[in-house]
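# Residue-level structure breakdown
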Amino acid sequence: MAPLVLYHFPGSPPSRSALLVLRNLDLDVEVKIVNLFAGEHMAEEYLAINPEHTVPTLVDEDYVLWESKAIAAYLTEQYKPGCGLYPNDPKKRGLIQHRLFFDSGTLFPALRQILAPVLRDGATVISQEQKDTLHRALERMESYLQQGNEWIAGDECTLADLCALATIATIHHLGVSFADYPNIQAWYERCHELPGFEENEEGASVIANAVKSKLEEPY
């Protein structure tokens, strides 16, 4: 069987979340870098694979899928069904999905509204409103970890943690302090033991450093 192929940009949190899932499922994958900064996602050959020109994109023989959360769910159900990352129990899975939606709808958008203006529009200042939005998202994540859980959807690492980790690592490397979020800090330290952690850190530093180099003052 041919290995899975992941079209990936290391700076992208959603792309890194898909790669973290692959690493934690211990699946054989060929990683093909798509440099968004160089516009490679708009190349004709990439558009033929993914006409929405986003990363990540997964190719599994004749099956092509993009959107990171869809990729995460597909990989677990196709290759490790019922595993701890995405158990079959409806209540456990419901909580995992809630946290995945939190990352997609709240946490990552709060980060993206800081990254995009700097990288795309030439902004050199992060506004207080942008910071407040990000910290409200962090407060919600902190509350999930205040419920007696070591992980954000229960007592073991799940897809929700892997996807949040890609976002949180970027926030950390951007210079945001977790001093007011002790549960997030402790969770982040636990994540150090996960497969792919250092690889994720490297990608997070790439995008964060690109942003910091354009700011008039640190976060």
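Anyway, here's the lowdown on the structure attached to this text.

Calculation notes
- Every chain is numbered on its own, with residues counted from 1 as its sequence reads.
- With pLDDT at 70 or above as the cut-off, local features in this predicted model cover only qualifying residues; side-chain atom pairs require 80 or more to be listed or tallied, and sums for whole chains, interfaces and linings still use all residues.
- The side-chain values count all of the structure's non-hydrogen atoms but skip hydrogen atoms and water molecules.
- Every axis in this analysis is a line fitted to C-alpha atoms, fitted for helices over the stretch in contact. Angles between the N-to-C directions lie between 0 and 180 degrees.
- Put simply, DSSP marks the helices as runs of H or I at least four residues long and the strands as runs of E at least two long, and each gets a number from the N terminus on.
- An angle below 35 degrees is read as roughly parallel, one above 145 as roughly antiparallel, one from 65 to 115 as roughly perpendicular, and any other as oblique.
- Working rule for handedness: look at the near helix, and if it is turned counterclockwise from the far one by less than a right angle, call the crossing left-handed; if clockwise, right-handed.
- For this analysis, residues touch if any pair of their heavy atoms sits within 4.5 Å.
- Here the nonpolar group is Ala, Val, Leu, Ile, Met, Phe, Trp, Tyr, Cys and Pro; Asp, Glu, Lys and Arg are the charged ones; every other residue, Gly included, is treated as polar.
- In summary, the pairing rule links any two rings of Phe, Tyr or Trp, Trp by its six-membered ring, whose centres are within 6.5 Å, and it sorts them by plane angle into stacked for under 30 degrees, edge-to-face for over 60 and tilted for everything else.
- Remark: exposure states derive from per-residue accessible area (1.4 Å probe, protein chains only) relative to the maximum for the residue type, with buried under 20%, exposed over 50%, and partly exposed in between.
- Here, a charge over a ring means that NZ of Lys or CZ of Arg falls within 6 Å of the ring centre while also lying within 35 degrees of the ring normal.
- For the purposes of this section, nonpolar cores are sets of buried Ala, Val, Leu, Ile, Met, Phe, Trp, Tyr and Cys residues that join through side-chain atoms within 4.5 Å.
- What the arc describes is the spread of directions from the helix axis to the C-beta atoms.
- Whenever a pair of cysteine sulfur atoms sits within 2.5 Å, that pair is classed as a disulfide.

For the pair helix H1 (residues 13–25) and helix H6 (residues 159–174), the least separation of the axes is 8 Å and the interaxial angle reads 135 degrees. Between H1 and H6, the angle is such that the two are oblique. The two elements H1 and H6 cross, and the hand of that crossing is right-handed. Two secondary-structure elements touch here, H1 through Pro13, Arg16, Ser17, Leu20, Val21 and Asn24 and H6 through Leu159, Leu162, Cys163, Leu165, Ala166, Thr167 and Thr170. For the contact of H1 with H6, the class distribution of residues is eight nonpolar, four polar and one charged.

It is worth spelling out the packing of aromatic side chains at this point. Per the counting criterion, the structure on display carries six aromatic pairs. Note on Phe178 and Tyr188: the rings are 6.1 Å apart at their centroids and 90 degrees apart in plane angle, and the pair reads as edge-to-face. Taken together, the residues span a long stretch of sequence, with Phe178 in the loop between H6 and helix H7 (182–191) and Tyr188 in helix H7 at a distance of ten residues. An identical accessibility class is assigned to Phe178 and Tyr188; each is buried. An aromatic cluster of at least three residues, connected via ring pairs, comprises Phe178, Tyr188 and Phe197. For Arg93, the ring lying beneath its charged end belongs to Tyr86, and the centroid distance is 3.8 Å. In this structure, Arg99 packs its charged tip against the face of Tyr144, placed 3.8 Å from the ring centre.

Moving on, we get to the nonpolar core. Leu75, Leu138, Met141, Ile168 and Trp187 are the most contacted members of the largest nonpolar core, which has 65 residues in total. Taken together, the elements giving at least two residues each to this core come down to strand S1 (4–8), H1, helix H3 (68–79), helix H4 (90–121), helix H5 (128–144), H6, H7 and helix H8 (197–212). Looking at this core, the element that brings in the most residues is H6, giving eleven residues. When sequence neighbours within four positions are dropped, the list of residues in contact with Met141 reads Phe102, Leu107, Ile152, Ala164, Ile168, Ile184 and Trp187. Val5, Tyr7, Phe9 and Val55 belong to the second-largest nonpolar core, a separate cluster that totals seven residues.

Looking now at the environment of Leu85. With respect to the helices and strands, the residue Leu85 is situated in the loop between H3 and H4. Judged by relative accessible area, Leu85 falls into the buried class, the value being 10%. Distance in space between the C-alpha atoms of Leu85 and Leu20 is 11 Å, their sequence separation being 65 residues. In this structure Leu85 touches Asn24, Leu25, Thr76, Ile96, Cys157, Thr158, Leu159 and Leu162, once residues within four positions along its chain are discounted.

Residues of H7 that are buried include every one of Ile184, Trp187, Tyr188 and Cys191, and no others. End-on view of H7: buried residues confined to an arc of 100 degrees, all on one side of the axis.

This paragraph deals with the state of the cysteines. By the definition in use, this model includes zero disulfides. Its sulfur unpaired, Cys157 is 6.4 Å from the next cysteine sulfur, which belongs to Cys191. With a relative accessible area of 0%, Cys191 lands in the buried category.

As far as function goes, none of this settles anything; it's purely spatial.
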